[in-house]
Amino acid sequence: MTHTTDTITAAIRSERVIRFWFKSQSRPVPMIRTVSPYELSEDGETVLGFDHNRQSIRRFSLANIVQEDIELPDEDYVKPIDQEV
């Protein structure tokens, strides 16, 4: 496990929001993402969670996280059931 996966795993267990810089293939400039993480893939390649920016559940590739420094902001964690209401 890497520092990134350790941080994400701990955030999932404690229901903490994570924040990170993310770059996508469609957008070369990294953007800040705030996510309530639900699940780390078995291979440790992706994280599934509620994207606070887009207000939807999304999967993020850990390879596209720009820095290994993932912040744990003091924001409300959104559970899957909460956002379905």
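Residues numbered from 1 in each chain as written. Predicted model: local features only at pLDDT ≥ 70, side-chain atom pairs only at ≥ 80, totals over all residues. Heavy atoms only, no water.

**Q** Help me get a handle on the environment of E39, residues and values and all.
**A** Inspection of the secondary structure assignment puts E39 in strand β2 (residues 27-40). Here E39 is in contact with I12, T46, V47, L48 and R59, once residues within four sequence places are set aside. (Helix = DSSP H or I, 4+ residues; strand = E, 2+ residues; numbered from the N terminus. Contact = heavy atoms within 4.5 Å.)

**Q** With reference to specific residues and values, describe the environment of T7.
**A** Mapped onto the secondary structure, T7 falls in helix α1 (residues 3-14). What makes T7 buried here is its relative accessible area of 14%. Along the primary structure T7 and Q67 are separated by 60 residues, whereas in three dimensions their C-alpha atoms are 13 Å apart. For T7, the contacting residues outside a window of four places in its chain are I70 and L72. (Buried < 20%, exposed > 50% of the residue type's maximum accessible area, 1.4 Å probe, protein only.)

**Q** Any details on the nonpolar core? Residues and values, ideally.
**A** Grouped together as the largest cluster of nonpolar side chains are 12 residues: I8, A11, I18, F20, F22, V35, L40, V47, F60, L62, I65 and I70. Counting only elements with at least two residues in this core, the list comes to α1, β1 (18-24) and β2. Per element, the largest residue contribution to this core is 3 residues, and it comes from β1. Leaving out residues up to four positions away in the same chain, I65 has contacts with T4, F20, W21, F22 and I70. (Core = buried A, V, L, I, M, F, W, Y, C linked by side-chain atoms within 4.5 Å.)

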